Amino acid sequence: MTAPKAPPHPHLVLAVATVLPGMGQVMNRQPMRGLIFVFFAVLLGAFTLKTAAPDVSFVGKTAGALFVWAMAMMDAYRTARLRRAIWERDTK
């Protein structure tokens, strides 16, 4: 019997999720979840951009998108770490 294919390494998933929001979920074979994170990043980013005062910094104006992006990164890494641990346990 052949061993199942190894899931991507959690650090690789984290690196990809850091570059592009939602792509870590795609690497974890959760494309719909990734699309939901991208949707809410755009939605909250647009909301904070429109509602922020004119003198607020760029980070302040995009805080909603940055928050969702950070949550997507943590979610992708956590899922990849769990999937990798389960794969390692099952292949021993």
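Our structure is the block above this text.
Now for a description of the structure that goes with this document. Remember, it's a predicted structure, so these values are computed and weren't measured experimentally.

Here's the deal with the overall build of the chain
Then, in step 1: For the chain, the count of helices and strands is five helices and zero strands.
Then, in step 2: On C-alpha atoms alone, the chain measures out to a radius of gyration of 16 Å, which is more than a quarter above the 12 Å that the 2.2 N^0.38 rule sets for 92 residues.
Then, in step 3: Within the chain, buried positions represent 26% of all 92 residues.
Then, in step 4: Restricting the contact set of the chain to residue pairs at least 6 apart, pairs at least 24 apart contribute 62%.
Then, in step 5: Of the accessible surface of the chain, which amounts to about 6,300 Å², a share of 74% is contributed by carbon and sulfur atoms.

What to know about the packing of helix α1 (residues 10-19) against helix α5 (residues 63-90)
Then, in step 1: Relative orientation of the contacting elements α1 and α5 amounts to 165°, with a least axis distance of 8 Å. Taken as axis vectors, α1 and α5 run roughly antiparallel relative to one another. Here α1 runs over α5; the crossing is right-handed. Contact with α1, carried on its side by Pro10, His11, Val13, Leu14, Ala17, Thr18 and Val19, involves Trp69, Met73, Ala76, Tyr77, Ala80, Arg81 and Arg84 of α5 and no other residues of that element.
Then, in step 2: Of the residues belonging to the contact of α1 with α5, the class tally is ten nonpolar, two polar and two charged.

Considerations on helix α3 (residues 31-51)
Then, in step 1: The first and last C-alpha atoms of α3 sit 30 Å apart over 21 residues, in line with the 30 Å expected at 1.5 Å per residue.
Then, in step 2: If you check which residues of α3 are buried, you get Gly34, Phe37, Ala41, Gly45 and Thr48. Around the axis of α3, the buried residues are gathered within 75° of arc, so they sit on the same side. Opposite the packed face of α3, turned more than 90 degrees from it, sit the exposed residues Met32, Leu35, Val42, Phe47 and Lys50.

Here we look at the side chain of threonine 48
Then, in step 1: Along the polypeptide, threonine 48 turns up in helix α3.
Then, in step 2: A residue is classified by how much of its surface remains accessible, and threonine 48, at 17% relative accessible area, is buried.
Then, in step 3: In this structure, threonine 48 is in contact with Gly60, Lys61, Thr62, Ala63 and Gly64, ignoring residues within four places of it in sequence.

Comments concerning the packing of aromatic side chains
Then, in step 1: All chains considered together, the criterion is met by one aromatic pair.
Then, in step 2: Measuring from ring centre to ring centre gives 5.2 Å for phenylalanine 39 and phenylalanine 40, while their planes differ by 80°; the resulting arrangement is edge-to-face.
Then, in step 3: The class of phenylalanine 39 is partly exposed, set by a relative accessible area of 48%.

Definitions and limits used
Think of each chain on its own: its residues are numbered from 1, step by step along the sequence as written. Only residues with pLDDT of at least 70 are given local features in this predicted model, and only at 80 or more are side-chain atom pairs given and counted; all residues enter the totals for whole chains, interfaces and linings. Water and hydrogen atoms were dropped before computing side-chain values, which therefore reflect all heavy atoms in the structure. Helix and strand assignments come from DSSP, with helices taken as H or I runs of at least 4 residues and strands as E runs of at least 2, each series counted from the N terminus. Both definitions apply: the radius of gyration is a C-alpha atom measure, and the globule rule equals 2.2 Å times residues to the power 0.38. With a 1.4 Å probe rolled over the protein chains alone, any residue whose accessible area is under 20% of its type maximum counts as buried; one over 50% counts as exposed, and the rest are partly exposed. Contacts are assigned to residue pairs that have any heavy atoms within 4.5 Å of one another. In these tables, accessible area is a Shrake-Rupley quantity obtained with a 1.4 Å probe, and a residue counts as shielded only by the protein chains included in the view. A fitted line through C-alpha atoms serves as each axis, taken over the contacting stretch for helices, and the angle formed by two N-to-C directions is quoted from 0 to 180°. An angle counts as roughly parallel when it lies under 35 degrees, as roughly antiparallel when it exceeds 145, as roughly perpendicular when it falls between 65 and 115, and as oblique in every other case. Here a crossing is taken to be left-handed if its near helix is turned anticlockwise relative to the far helix by less than a right angle, and right-handed if that turn runs clockwise. Polar here means any residue other than Ala, Val, Leu, Ile, Met, Phe, Trp, Tyr, Cys and Pro, which are nonpolar, and Asp, Glu, Lys and Arg, which are charged; Gly is therefore polar. What a helix should span is 1.5 Å times the count of its residues minus one. By arc we mean the arc of the directions from the helix axis to the C-beta atoms, nothing more. The criterion for an aromatic pair is that two Phe, Tyr or Trp rings (for Trp, the six-membered ring) have centres within 6.5 Å, with stacked assigned to planes under 30 degrees apart, edge-to-face to planes over 60 apart and tilted to the rest.

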